[in-house]
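Chain residues, written in single-letter form:
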Amino acid sequence: MKRVAITHAAGLILVLSLAGCASGPGGGSIYVPMGGSEQAEAPEPPRMSAPAELEPPVWRKSEQPEVSEPEPGQPTRSPSYRESGDELPAAAVALIHDADQRLKQGDSAGAVARLERAQRVAPRSAEVYFKLAEAYVAGENLGAAEQFTLKGLSLAGNDYRMQRSGWLLLADIRRARGNVAGADQAENRARAL
């Protein structure tokens, strides 16, 4: 009996304390803004000192004016790797030669390992990526071969001979994978060069 009375008293105290917290001294809202309870209007947002029309316009890359040819006597820029392609370092040439020997012996895994090293030596060389694709074809991994061929094509720059050989390689790979339409499309790109 005593236990029930204590539980009821504790519950009553809890309810009364919560009810006392819910109502404020004015009986209205609990929140009272600083400066009193009268309604104050929100301040105006700050104004800019200079009109927006005097600011320089923001140019999107697509809206940039055309760059004219440099005048004689001014230095010209060198072509980017996408325009010229990279020359192969001697180490990469040696690794490619070793990979070719391994492919002739039927060791496609060893050739891939050598060509991956050549890729680290010359990461922007289309020739290395095309050779890697050929090694993957020899190892019957046509998915990887197609991806490396596409990467090589993206790095071929303006070297039309390299682009043409890449498109023909891609056509062969796609045909081997059963993608005849993709192979025809790649051959058309090679013919257009």
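Quick note: structure is the one above.
From a predicted model like this one, the values you see are computed outputs, not experimental measurements. (Residues numbered from 1 in each chain as written. Predicted model: local features only at pLDDT ≥ 70, side-chain atom pairs only at ≥ 80, totals over all residues. Heavy atoms only, no water.)

Peer 1: Where do I start with the overall build of the chain in this structure?
Peer 2: Assigned secondary structure in the chain consists of eight helices and zero strands. Reading the chain from its N terminus to its C terminus gives the helix and strand order α-α-α-α-α-α-α-α. Burial status across the chain gives 23% buried among its 193 residues. Long-range pairs, those at least 24 residues apart, make up 47% of the contacts in the chain between residues at least 6 apart in sequence. Total accessible area on the chain stands at roughly 14600 Å², and carbon and sulfur atoms take up 56% of it. (Helix = DSSP H or I, 4+ residues; strand = E, 2+ residues; numbered from the N terminus. Buried < 20%, exposed > 50% of the residue type's maximum accessible area, 1.4 Å probe, protein only. Contact = heavy atoms within 4.5 Å. Areas by Shrake-Rupley, 256 points an atom, 1.4 Å probe, with all protein chains shown as cover.)

Peer 1: I keep staring at the side chain of Ser108 and nothing clicks. Help me out?
Peer 2: By the element assignment, Ser108 lies in helix α4 (residues 108–121). In contact with Ser108, not counting residues within four places along its chain, are Leu103, Ala135, Ala138 and Gly139.

Peer 1: What am I meant to see in the pattern of salt bridges here?
Peer 2: Working definition: two side chains of opposite charge can pair if their charged atoms are close together. Within this structure, the stated rule accounts for nine salt bridges. Asp100 is the salt-bridge partner of Lys131, the closest N and O atoms lying 3.5 Å from each other. A residue pair is termed long-range when its members are at least 10 positions apart, and Lys131 in helix α5 (residues 126–138) and Asp100 in helix α3 (residues 90–104) qualify at 31 residues. Across the pair Arg174 and Glu146 runs a salt bridge, and its minimum N-O distance is 3.0 Å. One end of the pair, Arg174, is in helix α7 (residues 160–177); the other, Glu146, is in helix α6 (residues 142–155), with 28 residues separating them in the sequence. (Salt bridge = Lys/Arg side-chain N within 4 Å of Asp/Glu carboxyl O.)

Peer 1: Would you take a moment to explain the packing of aromatic side chains for this structure?
Peer 2: The geometry of an aromatic ring pair is captured by the separation of the ring centres together with the interplanar angle, meaning the angle of the planes. Inspection of every chain in the model, using the stated rule, returns two aromatic pairs. Relative to Phe148, the ring of Tyr136 lies with its centre 5.4 Å away and its plane at 5°, an arrangement referred to as stacked. Here Tyr136 is found in helix α5, whereas its partner Phe148 is found in helix α6, with 12 residues between them in sequence. Phe148 carries the same exposure label as Tyr136, and that label is buried. Three or more aromatic residues link up through ring pairs in this structure, and these residues are Tyr129, Tyr136 and Phe148. (Phe/Tyr/Trp six-rings, centres within 6.5 Å; stacked < 30°, edge-to-face > 60°.)

Peer 1: Please explain the packing of α4 against α5 as it appears in this structure.
Peer 2: The description of two packed helices rests on the angle between their axes and on the distance between the axes. Between α4 and α5, the shortest axis-to-axis distance is 9 Å and the interhelical angle comes to 165°. On the basis of the axis angle, α4 is roughly antiparallel to α5. Crossing of α4 over α5 shows left-handed handedness. On α5, the residues touching Ser108, Ala111, Val112, Leu115, Glu116, Ala118 and Gln119 of α4 are Val128, Tyr129, Lys131, Leu132, Ala135, Tyr136 and Ala138. Of the residues that constitute the contact of α4 with α5, the class distribution is 10 nonpolar, two polar and two charged. (Axes fitted to C-alpha atoms, helices over the stretch in contact; angles between N-to-C directions. Parallel < 35°, antiparallel > 145°, perpendicular 65-115°, else oblique. Left-handed = near helix turned anticlockwise from the far one by under 90°. Nonpolar A, V, L, I, M, F, W, Y, C, P; charged D, E, K, R; others polar.)

Peer 1: How do you make sense of the side chain of Thr149 when you look at a structure like this?
Peer 2: Considering the arrangement of structural elements, one finds Thr149 in helix α6. Beyond its immediate chain neighbours, meaning those up to four positions away, Thr149 contacts Phe130, Ala133, Gly166, Leu169, Leu170 and Ile173.

Peer 1: Is there a simple way to explain helix α8 (residues 180–192) in this structure?
Peer 2: One full turn of an α-helix is made of 3.6 residues, so residues set three or four places apart face in the same direction. Helix length check: α8, at 13 residues, gives a terminal C-alpha distance of 18 Å against a target of 18 Å (1.5 Å per residue), a fit within 8%. Regarding α8, the residues found buried are Gly182, Ala183, Ala186 and Ala190. Here the buried residues of α8 occupy an arc of 100° about the axis, which is enough to place them on one side. Exposed side chains of α8 directed beyond 90 degrees from the buried face belong to Ala181, Gln185, Arg191 and Ala192. Each element contacted by the buried residues of α8 is listed here: α7. (Expected span 1.5 Å × (residues − 1). Arc of directions from axis to C-beta.)

Peer 1: Even after reading the chapter, I still don't get unusual backbone geometry, so can you show me in this structure?
Peer 2: The backbone phi angle of Glu140 is positive, close to 60°, even though this residue is not glycine. One can find Glu140 in the loop between α5 and α6.

Peer 1: What am I meant to see in the packing of α7 against α8 here?
Peer 2: Between α7 and α8, whose axes approach to 8 Å, the crossing angle comes to 165°. Between α7 and α8, the interaxial angle falls into the category roughly antiparallel. Pair α7 / α8 crosses with left-handed handedness. Residues Arg164, Trp167, Leu168, Leu170, Ala171, Arg174 and Arg175 of α7 touch α8, and the partners they reach there are Gly182, Ala183, Asp184, Gln185, Ala186, Glu187, Arg189 and Ala190. Classifying every residue of the contact of α7 with α8 gives seven nonpolar, two polar and six charged.

The values reported here are purely geometric and, on their own, carry no functional implication.
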